[in-house]
Amino acid sequence: LAAAPVRSTCRIALNSAVAGLSAGGEPVRRIVEGRPVEPARDGHIFRDVLRKQLVSRADFDEAMRQAGCVELHHIKLALLETNGHINILTNKDADG
């Protein structure tokens, strides 16, 4: 029972430390938050990237549908953002 307040205090302290480090500049922020990655480009899915980032094909397909992209070959670029959102740029978007 006494462990719960200790865990809460540790979480708060750790969260504050990470927030403080993140405010320290771009290099530290990149280490803490990561960088966007490309799970697809020019109509090709990089399955190894999806697997490494723990993104299912179903989740990727859902992101395609949300972007109005019905065919894989329509993808110009897909980015998995650091917040977990997948942004998809289609060839139509890239052409204007």
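As for the pattern of salt bridges
Then step 1. Within the structure shown, the criterion is met by 3 salt bridges.
Then step 2. Across the salt bridge formed by glutamate 38 and arginine 41, the nearest N and O atoms sit 2.8 Å from each other.
Then step 3. Under the relative-accessibility criterion, arginine 41 is labelled partly exposed at 32%.
Then step 4. Residue lysine 76 pairs with aspartate 42 through a salt bridge whose shortest N-O separation is 3.4 Å. Within this pair, whereas lysine 76 is found in strand S3 (residues 75-80), its partner aspartate 42 is found in the loop between strand S1 (37-41) and strand S2 (44-45), the two being separated by 34 residues in sequence.
Then step 5. For lysine 76, a relative accessible area of 31% puts it in the partly exposed group.

Observations concerning the environment of proline 36
Then step 1. Structurally, proline 36 can be placed in the loop between helix H2 (26-33) and S1.
Then step 2. Judged by its relative accessible area of 41%, proline 36 is partly exposed.
Then step 3. Along the backbone, proline 36 and asparagine 83 are 47 residues apart, and their C-alpha atoms lie at a distance of 8.8 Å.
Then step 4. Residues within four places of proline 36 in sequence aside, it is in contact with Leu79, Leu80, Glu81 and Thr82.

Considering the environment of histidine 74
Then step 1. As for its position among the elements, histidine 74 is in the loop between helix H4 (57-66) and S3.
Then step 2. The partly exposed category is assigned to histidine 74, whose relative accessible area is 31%.
Then step 3. The spatial distance from the C-alpha of histidine 74 to the C-alpha of aspartate 93 is 9.7 Å, given a sequence separation of 19 residues.
Then step 4. Apart from the residues within four sequence positions on either side, histidine 74 is in contact with Cys69, Leu89, Thr90 and Asn91.

Rules used in this analysis
Residues numbered from 1 in each chain as written. Predicted model: local features only at pLDDT ≥ 70, side-chain atom pairs only at ≥ 80, totals over all residues. Heavy atoms only, no water. Salt bridge = Lys/Arg side-chain N within 4 Å of Asp/Glu carboxyl O. Buried < 20%, exposed > 50% of the residue type's maximum accessible area, 1.4 Å probe, protein only. Helix = DSSP H or I, 4+ residues; strand = E, 2+ residues; numbered from the N terminus. Contact = heavy atoms within 4.5 Å.

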